[in-house]
Each structure stands twice: as structure tokens, then as C-alpha cells.
Amino acid sequence: MILERLSSKVDEEVVGRAACDLSAPSWEEISRLLPEAERSLQLERDSGRGPADVAANVRLFDLPEGSTPRVTLWRDQSAWCPYCQKVILQLEEKRVPYVVRRAPMKCYAGGELQKPPEFLELSPAGLLPAATIDGELLSDSNSILNAVEREFTEHVSLLPSTEAGRRAFEAASALERSFSSAWLSWLTTPAWLPGDAQRAREFTASLDQIERHLAAMSEGGYDGALEAGPYLLGASFSLADVQLAPFMERAAASMPYYRALRIRTGGRWPALEGWFDAMERRPAYAAIRGDFYTHCLDLPPQLSPFGLSRGEDARRLSAAIDGTDGAAWRLPLPTGEGLLELVPPRADADARRAAAAALWRNADAVARFACRGPAPLAASKLPPATAAAMAVTAALSVSAATRDSPYAAFSWAATTLVIYDLLGTRAPLADPRAPPVRSLVPLVDKALRLTAAALLDDDGDGEGGGSEGGGGSEGGECGCGEGFGGAAQRQLASLDEGAAAPLREALLYLRARIGVPRDMDYAAARQLRAHLTACVEALPPSPPDDPPRAPGPAALRSLLKVRGGTAAAEGRRVRTTTAICGFERLATLPPPRVVGRHRLLV
Ligand SMILES: N[C@@H](CCC(=O)N[C@@H](CS)C(=O)NCC(=O)O)C(=O)O
């Protein structure tokens with residue numbers, strides 16, 4: 001707290017004045033513009049009924065009010081764990097009632113965010129998912145899947161019932177295993193190590209095999225012994241699809257981003273495309289699937305302590321995923337044939353209302369979260385012991401570099417990275433330890449209210465415009481989901497740079513951390529990302545680049561780039577967080593979209 005105040009870049013008086021001057025509809029007014037279904041979503045969620053929802057704490061389905069489900073599922077907090085996703089998909093598809101408990105994964109915070117003692121007592125290995133059925137512990141996803149099939153025979157079975165079905169199931173399970181291992185091997189091995197072409201071939205061959213299997217099933221597999229259909233067992237959706245879905249979903253997201261290989265919408269695997277379509281039409285799966293961006297950023301901390309490298313040829317595709325192409329996260333949102341990632345079939349207006357409703361439901365928490373963006377020193381977000389250890393090894397590295405001992409310099413730099421990876425935050429999407437700049441909360445809150453009003457502005461009159469109409473937005477004249485206009489834009493454009501700069505950082509920080517399905521579905525997330533871009537662009541343009549404040553030795557800078565994740569560069573001014581010592585600094589890195597802000601991204 002003291003450190004935060006002493007080093008804060010935010011002028012409290014300036015942001016306080018700006019927050020008073022900015023006028024925006026209240027959350028109460030915004031809620032009146034929301035459809036009833038959005039307003040009552042939380043109540044429905046808490047009741048354990050309604051559609052699948054990763055934010056639910058209990059799922060009762062048809063169980064009478066007041067009954068206790070037999071299953072308790074421990075899963076990760078942000079819905080990034082593929083093994084948890086399988087179990088959730090099975091329980092939702094079978095409508096087996098369950099209670100949800102959450103625990104952080106190690107990679108959310110370098111092991112320092114502790115799992116609840118209650119969970120560790122139950123499952124000392126600490127792996128997720130874990131479940132109890134009638135109090136009996138199961139601590140591996142496949143054991144849970146099998147036990148649920150065994151124990152809940154009165155629910156629909158996801159196992160094959162015929163000999164041909166069992167053969168197809170075994171074949172599909174073997175395909176899933178070889179595909180998952182080929183995917184992980186290609187994704188996590190740096191491209192510069194020998195054998196990259198071989199790993200690529202093995203991966204595409206595993207997809208070809210799945211394609212052949214699905215194509216056979218679409219014509220009635222095993223000489224017509226199975227009913228023709230798009231799933232791994234033909235017409236029957238089964239546990240084989242449940243097991244494949246989380247990994248295939250992550251492969252489809254990560255391969256274009258890191259290896260320039262388009263799995264979806266690429267035309268090369270049509271039967272697989274049909275499988276994805278069929279899966280995404282299932283309400284349970286549609287509600288719990290992630291989007292490309294979330295996976296591309298949630299995978300590195302789970303898979304590799306040193307992140308995942310991206311080749312030059314992947315940069316074009318990755319820019320369309322992380323918005324750095326300047327179009328994917330900007331209004332009007334791209335539509336049509338060329339889209340890399342398909343948008344869920346949902347009217348844009350509905351998606352905008354869902355995004356506005358998510359802001360309204362979590363208004364306080366979202367504003368506080370966004371205010372972590374301009375927090376003063378990244379080092380203050382690290383536990384002091386970690387920061388100190390990193391500072392010492394980084395200093396040793398610099399000193400070795402200046403003494404012309406490249407080997408020692410490299411070793412100390414590598415040690416710094418290892419300390420960071422073992423003890424520092426490796427899940428910047430969650431960024432659990434970063435302190436918010438509290439004085440900025442009222443200003444960010446107002447900007448979020450203007451964003452919500454713009455999201456609800458259906459008719460272009462700047463009055464908002466949920467399906468129920470009415471309301472008193474003080475927003476602009478422009479609307480129809482086309483961003484900020486009129487009064488809202490004029491207000492934002494006239495903000496003092498001392499207020500606009502931290503506000504810009506807070507909104508961009510938030511934009512980079514909208515997670516699917518954790519926060520909302522992909523259709524809503526792309527609307528919110530693009531409306532936040534519009535809000536940022538309504539602010540006065542940022543002043544010309546500062547000269548680099550603390551240019552480090554070239555060797556450290558290049559290490560940074562190797563290590564760096566990705567983040568949207570805003571103009572030519574790019575904030576980097578050094579992976580070396582955790583201190584933030586401003587630097588101009590050519591070309592504009594090269595960024596290493598590893599610490600702040602998931
Ligand atoms: N074979 C296990 C693997 C489970 C697993 O590796 N879970 C990871 C998360 S994806 C985990 O719990 N890691 C420990 C942690 O991150 O705290 C299963 O199928 O359940």
C-alpha cells in the first residue's frame with residue numbers, strides 16, 4: 001500500500017476531478033435497459049437451474065429444491081483446465097446434479113495462491129479435477145467419467161451399447177490419445193530444435209486419421225453397423241466426444257496462433273469441421289467452450305515454463321486472434337467468410353446485451369480489476385522474496401555481461417527466469433496479486449458505464465436501447481453497436497491526459513483479460529473487446545513517445561523478446577514488463593506490434 005502510494009503514476013486529484021466531471025448513466029439506469037432474462041440470470045444461476053453456466057456454484061437439474069447432489073466437483077477457477085472441462089461436459093450432458101468447488105491451479109500464481117486446505121486434505125496431490133461421489137474421492141478425470149457412468153445409470157448413457165459401438169469407441173479413444181500427444185509435442189517443442197518438420201507431420205497425420213474416422217462415421221461406420229452421424233460414434237454423442245473436445249478445441253485455437261496451421265475454417269479437414277459444428281450445436285458444450293484468444297493465452301502457463309514461441313508465419317494469423325491486426329477487436333466487427341474463428345450463432349444485439357449485463361452484474365469487481373492495469377511497479381505485484389531473489393540474480397547477470405562473461409550472464413539471466421516461473425505470477429490473464437490503483441476506480445467505473453450504454457445502444461440515438469427501451473443514457477448520438485458518439489465521445493475526448501492515460505491503461509488491461517467462457521461467451525466477448533477499443537479510441541490521442549526511461553543492455557532486451565508473450569501495442573508506445581526483474585518501463589520497440597509483456601498476460 002505504501003509502495004503503491006509512493007510510486008503511483010496516477011495523479012489522484014486529476015483522476016478524481018475527471019471522475020466527477022464525466023457524466024454517465026447509473027448502473028441502475030443501465031439495468032433497466034437490460035432484458036429480463038439477463039437481469040434474472042444470477043438468481044437462476046444461484047437456484048441451480050437453467051442452462052449450463054461455468055459461473056454456477058451448484059447444478060440441480062431436476063433435483064427437488066433443498067436436496068444435496070451426490071457429486072461435488074473441484075475444478076479450476078478460470079475454466080482453463082481441459083480435464084475439468086471434460087467432467088463438466090459429461091455432467092451437463094447427462095444432467096447429473098453436482099456442487100462446484102473451485103481451487104486455483106499452480107500456474108495461476110506460481111504456487112503461491114494456495115489451494116483451500118479443505119481440498120488439499122481431501123486430495124493431497126492437489127491435482128484438478130477431483131470429485132467426490134457420495135463422499136468417495138476420485139482424483140483423475142477419467143476415473144470420474146467412468147464412475148459417473150457407473151453410478152448414474154438412470155441418466156442417459158454416454159457409453160456404446162453395441163459391439164460395433166464399442167469398437168468405434170476404442171478406435172476413437174486411441175485416436176484421441178495419439179492426437180493429444182502429437183499436438184502437445186509440436187506445440188511445446190521450440191521450432192528451432194531439430195525435428196520440427198517431423199513433429200508437424202505427426203500432428204497433421206493424427207488429424208488426418210481423425211478425419212478418416214469421422215468421414216467413415218458420417219456414412220455409417222463399420223459397414224453401416226452404426227447409424228451415420230457427425231460424432232466419433234456416428235449419430236450417437238458419446239464419452240469419446242467428451243474426451244476429445246477439450247483438446248481439439250485447444251488445438252484449433254493454438255495451432256493458427258503458434259504454428260500458422262488453420263484447423264477450423266481451413267477446408268482441409270471437412271469431417272472434423274462437421275464434428276465441431278455438431279458439438280457447438282449442443283447447448284452444454286456451447287456454454288463451456290473457450291475462444292481462440294483465451295486458449296492462446298491460458299495454455300502457455302499450463303504447458304511450458306518458458307512460454308510458447310511463435311514463428312514469423314504465425315504472426316499474421318495470431319494478429320487476427322489477439323486483435324493486433326487492428327481489425328478483429330475494432331468496430332464494425334469483421335463478419336463473413338474470411339473469419340478465422342466462427343462466431344456463435346447469436347444476434348449481435350443479444351451478444352451486446354450479454355456483454356453489458358456481465359459488466360452490470362460484476363460492476364464493482366470489474367472496475368477494481370481494470371484498475372490493476374496502471375498499477376505502479378510490477379515488482380510490487382511480486383511477493384517481496386521473489387522480487388528480491390530476481391533482483392539479485394538479474395544484477396549478477398548484468399554485472400557478468402559488463403565483464404564480458406556471456407556464459408555467466410546467460411546463466412544468471414536464466415536463473416532469474418526460472419525463479420520468476422517458479423515463484424512469480426505465470427497467469428497474467430488472472431494476474432491474481434496485482435494491486436488495483438484505488439483512486440482510479442470511480443473514473444474507470446464511469447467509463448465502463450458509458451461502455452455498457454454504448455453496448456445497449458440499439459437504435460443509434462445515444463439513448464441506450466435494450467429490448468425494453470427507455471432509460472436515460474447520457475451517451476452519444478451514434479449507436480447500433482457502432483461505438484461511442486456524440487456526448488459520450490465529446491466527454492471522453494476532453495479528458496485531461498493525466499486522467500486519460502491511466503484510464504486508457506485500465507481499459508486495455510481489462511480488454512486483454514476478458515476470458516471465454518469464464519466471463520461470457522465468445523459472441524459477447526468480441527463485442528465487449530471492440531467496445532472497449534472504441535472507448536479507448538474516444539480518449540484524447542496519447543502524446544508522442546516518451547524516450548525510453550531505462551534502456552537496458554541489448555542482451556537483456558533480446559532475452560525479453562524471446563521470453564515475451566504478446567500484448568496489443570497501442571500506437572508506437574509499448575509498455576513492457578521485464579521478465580528479468582519484474583520492473584515496468586516504457587520503451588519503444590520496433591516494429592510497433594512487437595511486445596513482451598509476459599507477466600501481464602495469461
Ligand atoms: N491425469 C489427470 C491430469 C490432471 C492435471 O494435470 N491437472 C492439472 C490442471 S490441467 C493440475 O491440477 N495441475 C496442478 C495445478 O495446476 O495446481 C486427470 O486426467 O485428471
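Above this text you will find the structure in question.
Residues numbered from 1 in each chain as written. Predicted model: local features only at pLDDT ≥ 70, side-chain atom pairs only at ≥ 80, totals over all residues. Heavy atoms only, no water.

1. Here we look at the overall build of the protein chain
Logical step 1: Within the protein chain one finds 26 helices and 7 strands.
Logical step 2: Counting all 602 residues of the protein chain, 56% fall into the buried class.
Logical step 3: If you sum the accessible surface of the protein chain, you get close to 24,600 Å²; carbon and sulfur atoms cover 56% of it. (Helix = DSSP H or I, 4+ residues; strand = E, 2+ residues; numbered from the N terminus. Buried < 20%, exposed > 50% of the residue type's maximum accessible area, 1.4 Å probe, protein only. Areas by Shrake-Rupley, 256 points an atom, 1.4 Å probe, with all protein chains shown as cover.)

2. With respect to the site of the ligand
Logical step 1: Around the ligand, the surrounding shell consists of Cys-81, Tyr-83, Met-105, Lys-106, Lys-115, Leu-127, Leu-128, Pro-129, Asp-140, Ser-141 and Gln-302.
Logical step 2: The separation between an oxygen atom of the ligand and a polar main-chain atom of Lys-106 is 2.8 Å.
Logical step 3: The separation between an oxygen atom of the ligand and a polar side-chain atom of Lys-115 is 2.4 Å.
Logical step 4: Out of a free accessible area of 510 Å², the ligand has 79% covered by protein chains. (Near = heavy atom within 4 Å. Polar contact = N/O pair within 3.5 Å; in protein donor to acceptor, adjacent residues only side chain to side chain.)

3. Quick notes on the environment of Trp-27
Logical step 1: Examined against the element boundaries, Trp-27 turns out to sit in helix α3 (residues 27-33).
Logical step 2: When the C-alpha positions of Trp-27 and Trp-360 are compared, they lie 6.4 Å apart, and in sequence the two are 333 residues distant.
Logical step 3: Ignoring anything within four residues of it in the chain, the contact list for Trp-27 reads Leu-359, Trp-360, Ala-363, Asp-445, Leu-448, Arg-449 and Ala-452.
Logical step 4: Of note is the side chain of Trp-27, whose polar atom sits 2.9 Å from the side chain of Asp-445. (Contact = heavy atoms within 4.5 Å.)

4. Quick word on the pairing of strand β3 (residues 98-103)
Logical step 1: Of the strand pairs in this sheet, strand β1 (residues 58-59) and β3 are connected by 2 bridges, and their pairing is antiparallel. For Val-58, the partnering residue across the bridge sits in β3 and is Val-99.
Logical step 2: One ladder, built from 6 bridges, connects strand β2 (residues 71-76) with β3; its direction is parallel. Its bridge partner lying in β3, Asp-76 is registered against Ala-103.
Logical step 3: Traced from β2 through helix α6 (residues 82-94) to β3, the parallel crossover comes out right-handed. (Pairing = 2+ DSSP bridges. Right-handed = clockwise from strand over helix to strand, strands pointing away.)

5. Looking at the side chain of Ser-318
Logical step 1: For Ser-318, the position within the fold is in helix α16 (residues 314-322).
Logical step 2: Only 3.0 Å separates the side chain of Ser-318 from the backbone oxygen of Arg-315, close enough to count as a polar contact.

6. Structural notes on the pairing of β2
Logical step 1: By the criterion of burial, β2 is predominantly enclosed, with 6 of the 6 residues buried.
Logical step 2: On β2, burial covers both faces: Val-71, Leu-73 and Arg-75 on one face and Thr-72, Trp-74 and Asp-76 on the other are all buried.
Logical step 3: With 4 bridges joining them, β2 and strand β4 (residues 130-133) adopt antiparallel strand pairing. Opposite Val-71, over in β4, you have Ile-133 as the bridge partner.

7. Here's the deal with the nonpolar core
Side chains that are nonpolar tend, in soluble globular proteins, to be buried together.
Logical step 1: Ranked by size, the top nonpolar core spans 92 residues in total, and within it Phe-179, Trp-183, Phe-203, Met-248, Ile-263, Leu-272 and Trp-275 carry the most contacts.
Logical step 2: Of all the elements, helix α12 (residues 239-259) adds the most residues to this core, at 13 residues.
Logical step 3: What Ile-263 contacts, discounting residues up to four positions off in sequence, is Phe-203, Leu-207, Ala-251, Ala-252, Met-255, Trp-269, Leu-272 and Glu-273.
Logical step 4: Counting 64 residues, the second-largest nonpolar core is a separate cluster that includes Ala-19, Ala-447, Leu-448 and Ala-534. (Core = buried A, V, L, I, M, F, W, Y, C linked by side-chain atoms within 4.5 Å.)

8. What to know about empty space enclosed by the protein
Logical step 1: Applying the stated rule across the entire model yields 5 cavities of 30 Å³ or more.
Logical step 2: For the lining of the largest cavity, the secondary structure elements donating two or more residues are α12, α13 (270-280) and α15 (292-303).
Logical step 3: Of the residues contributing to the lining of the largest cavity, the split by class is 6 nonpolar, 2 polar and 6 charged. (1 Å grid on protein atoms, 1.4 Å probe; cavity = no way out; pocket = protein on both sides within 12 Å on 5 of 7 lines; lining within 4 Å. Points joined across faces, edges and corners; volume = space filled by probe spheres on them. Nonpolar A, V, L, I, M, F, W, Y, C, P; charged D, E, K, R; others polar.)

9. Notes on α13
Logical step 1: The element α13 is extensively covered by neighbouring structure, given that 8 of its 11 residues are classed as buried.
Logical step 2: Buried within α13 we find Ala-271, Leu-272, Glu-273, Trp-275, Phe-276, Ala-278, Met-279 and Glu-280.
Logical step 3: Contacts made by the buried residues of α13 are with α6, α10 (196-217), α12 and α14 (283-288).

10. Description of the side chain of Gln-527
Logical step 1: The residue Gln-527 is located in helix α25 (residues 522-538) in this model.
Logical step 2: When neighbours within four sequence positions are excluded, Gln-527 is seen to be in contact with Leu-331, Leu-333, Asp-348, Ala-351, Arg-352 and Leu-455.

11. Concerning the sheet that holds β4
Logical step 1: Strands sit in the order β1-β3-β2-β4-β5 across an open sheet of 5 strands; the sheet is mixed. Among the strands making up the open sheet, the edge pair consists of β1 and β5 (136-138).
Logical step 2: Across the sheet, α6 is in contact with β1, β2 and β3; its angle to β2 comes to roughly 145°.
Logical step 3: Its contacts with the sheet place helix α8 (residues 141-151) against β4 and β5, and it is angled at close to 20° to β4. (Axes fitted to C-alpha atoms, helices over the stretch in contact; angles between N-to-C directions.)

12. Details of the packing of helix α2 (residues 12-21) against helix α24 (residues 497-511)
Logical step 1: As a packed pair, α2 and α24 sit with axes 8 Å apart at the nearest point and diverge in direction by 85°. For the element pair α2 / α24, the angle class is roughly perpendicular. Residues Val-14, Val-15 and Ala-18 of α2 pack against Gly-498, Ala-499 and Pro-502 of α24.
Logical step 2: Per-class residue counts for the contact of α2 with α24 are 5 nonpolar, 1 polar and no charged. (Parallel < 35°, antiparallel > 145°, perpendicular 65-115°, else oblique.)

13. Here we look at the pattern of salt bridges
Logical step 1: Inspection of the entire model under this criterion finds 28 salt bridges.
Logical step 2: A single salt-bridge network, built from bridges that share partners, covers Arg-264, Glu-273, Asp-277, Glu-280 and Arg-289. (Salt bridge = Lys/Arg side-chain N within 4 Å of Asp/Glu carboxyl O.)

14. A short note on the environment of Asp-53
Logical step 1: Take Asp-53: it is sitting in the loop between α5 (41-47) and β1.
Logical step 2: Each C-alpha atom of the pair Asp-53 and Arg-518 lies 9.0 Å from the other, and the pair is 465 residues apart in sequence.

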